[in-house]
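In case you want the letters, here they are:
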Amino acid sequence: MDDGAGVVNLTGRNVELRPASSADVDARLSLGNHAEIIEMFGVSRSDVRPLTREGAGQWLHKLIGNPNAWVIDVHGRLVGEIRLDNLDPHDRRASMAVGIFDPELLGKGFGSEAICLVLEYAFTHLRLHRIGIRVLAYNTRAIRAYEKCGFVQEGREREAAFVNDTWHDDVMMGLLETEYRGQNDLADDWFARTRSLDRSE
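On a predicted model such as this, the values are computed, not experimentally measured, just so you know. (Residues numbered from 1 in each chain as written. Predicted model: local features only at pLDDT ≥ 70, side-chain atom pairs only at ≥ 80, totals over all residues. Heavy atoms only, no water.)

Focus on the overall build of the chain
In step 1: A count of helical and extended segments in the chain gives 7 helices and 9 strands.
In step 2: Counting the 201 residues in the chain, one finds 49% classified as buried.
In step 3: Sequence separation of 24 or more characterises 63% of the internal contacts of the chain that already satisfy a separation of 6 or more.
In step 4: When the accessible area of the chain is evaluated, it comes to approximately 10,400 Å², of which 47% is carbon and sulfur surface. (Helix = DSSP H or I, 4+ residues; strand = E, 2+ residues; numbered from the N terminus. Buried < 20%, exposed > 50% of the residue type's maximum accessible area, 1.4 Å probe, protein only. Contact = heavy atoms within 4.5 Å. Areas by Shrake-Rupley, 256 points an atom, 1.4 Å probe, with all protein chains shown as cover.)

What to know about unusual backbone geometry
In step 1: With a phi angle near 55°, His 75 is a residue other than glycine that sits in the positive phi range.
In step 2: Here Asn 164, not a glycine, exhibits a phi torsion of approximately 55°, which is positive.

With respect to the layout of surface pockets
In step 1: Volume-wise, the largest pocket comes out at about 1,200 Å³.
In step 2: For the lining of the largest pocket, the secondary-structure elements that each account for two or more residues are helix H2 (35-38), helix H3 (53-64), strand E4 (77-88), strand E5 (93-100), helix H4 (110-124), strand E6 (130-136) and helix H5 (140-148).
In step 3: Considering every element that reaches the lining of the largest pocket, the biggest residue donor is H5, with 7 residues.
In step 4: Considering only residue class, the lining of the largest pocket consists of 23 nonpolar, 13 polar and 14 charged. (1 Å grid on protein atoms, 1.4 Å probe; cavity = no way out; pocket = protein on both sides within 12 Å on 5 of 7 lines; lining within 4 Å. Points joined across faces, edges and corners; volume = space filled by probe spheres on them. Nonpolar A, V, L, I, M, F, W, Y, C, P; charged D, E, K, R; others polar.)

Here we look at the environment of Gly 76
In step 1: Inspection of the secondary structure assignment puts Gly 76 in the loop between strand E3 (69-74) and E4.
In step 2: For Gly 76, a relative accessible area of 72% gives the class exposed.

Quick notes on the side chain of His 168
In step 1: Mapped onto the fold, His 168 is located in strand E8 (residues 166-176).
In step 2: In terms of polar contacts, His 168 uses its side chain to reach the backbone carbonyl oxygen of Val 163, at 3.2 Å.
In step 3: Other than its neighbours up to four places away in sequence, His 168 contacts Leu 136, Tyr 138, Glu 159, Ala 160, Ala 161 and Val 163. (Polar contact = N/O pair within 3.5 Å; in protein donor to acceptor, adjacent residues only side chain to side chain.)

Some remarks on the pattern of salt bridges
In step 1: Evaluation of the coordinates by the stated rule reveals 12 salt bridges.
In step 2: Salt-bridge contacts for Arg 83 lead to Glu 81; the nearest nitrogen and oxygen are separated by 2.9 Å.
In step 3: Exposure remark for Glu 81: the relative accessible area of 8% places this residue in the buried category.
In step 4: Between Glu 177 and Arg 92 there is a salt bridge, with its nearest N and O atoms 2.8 Å apart. With Glu 177 in helix H6 (residues 177-182) and Arg 92 in the loop between E4 and E5, this residue pair connects regions lying 85 residues apart in the sequence. (Salt bridge = Lys/Arg side-chain N within 4 Å of Asp/Glu carboxyl O.)

Considering the side chain of Arg 28
In step 1: Note that Arg 28 resides in helix H1 (residues 24-31).
In step 2: Despite its burial, Arg 28 pairs with no opposite charge; the closest candidate is Glu 81, at 6.0 Å N-O.
In step 3: Excluding residues within four positions of it along the chain, Arg 28 makes contact with Asn 33, Leu 51, Ala 56, Trp 59 and Phe 101. (Lys, Arg positive; Asp, Glu negative; His and termini not counted.)

So, the packing of aromatic side chains
In step 1: In total, this model carries 5 aromatic pairs according to the counting rule given.
In step 2: With 6.1 Å between their ring centres and 80° between their planes, Trp 59 and Phe 101 make a pair best called edge-to-face. Here Trp 59, found in helix H3, pairs with Phe 101, found in the loop between E5 and H4; they are 42 residues apart in sequence, far enough to count as distant. By the burial criterion, Trp 59 is buried, and Phe 101 matches it.
In step 3: Ring centres 5.7 Å apart and planes at 85° place the aromatic pair Trp 70 and Tyr 121 in the edge-to-face group. In this pair, Trp 70 is assigned in strand E3 and Tyr 121 in helix H4, connecting sequence segments 51 residues apart. (Phe/Tyr/Trp six-rings, centres within 6.5 Å; stacked < 30°, edge-to-face > 60°.)

Here's the deal with the state of the cysteines
In step 1: A full pass over the atoms with the stated rule returns 0 disulfides.
In step 2: No disulfide involves Cys 116; its sulfur sits 3.1 Å from the nearest other cysteine sulfur, which is in Cys 149.
In step 3: Note on Cys 116: relative accessible area 2%, which makes it buried.
In step 4: Using a relative accessible area of 0% as the deciding quantity, one classes Cys 149 as buried. (Disulfide = S-S within 2.5 Å.)

What follows is the structure, encoded as structure tokens:
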């Protein structure tokens, strides 16, 4: 399996975003599947199964196949992923997905830092105009993180997901490049001390 050639490394104060590599299978496997995290992706707790090596390999293959997907490292340890999906160069838009797989690291700002690093890359280097996010309404931690990074709630798709025997809404969020450019305080806070960009070998 080839590594994520051409993916740009993004380095912040506490996290590093790097291309996935074949060596990441064991690290992803060791993190396992935690029900409290997996249900935030729309999977009922009763359907969560232990992560297998095959499953870790499928996760890795998906990341390596996406030129705008990164592993999230904290202190040299794989803890999650972040992706830009469905990138449309004509409309200059994409969707974003992010996940921290270690429950002990939730709420510590690592996801927010990863999001802001990718936003800087997406709007400055990919020249995107819009990034959208779809998140389950009960995932309030993620919604707060997205809002912290400048996303606004644009609408709600009612009863779009059936999780844990209950219908739940999806919240649609978005951020435009013009809004991002106007957030000078946010950009200064996250990037004045953290911006570092280099091409991976």
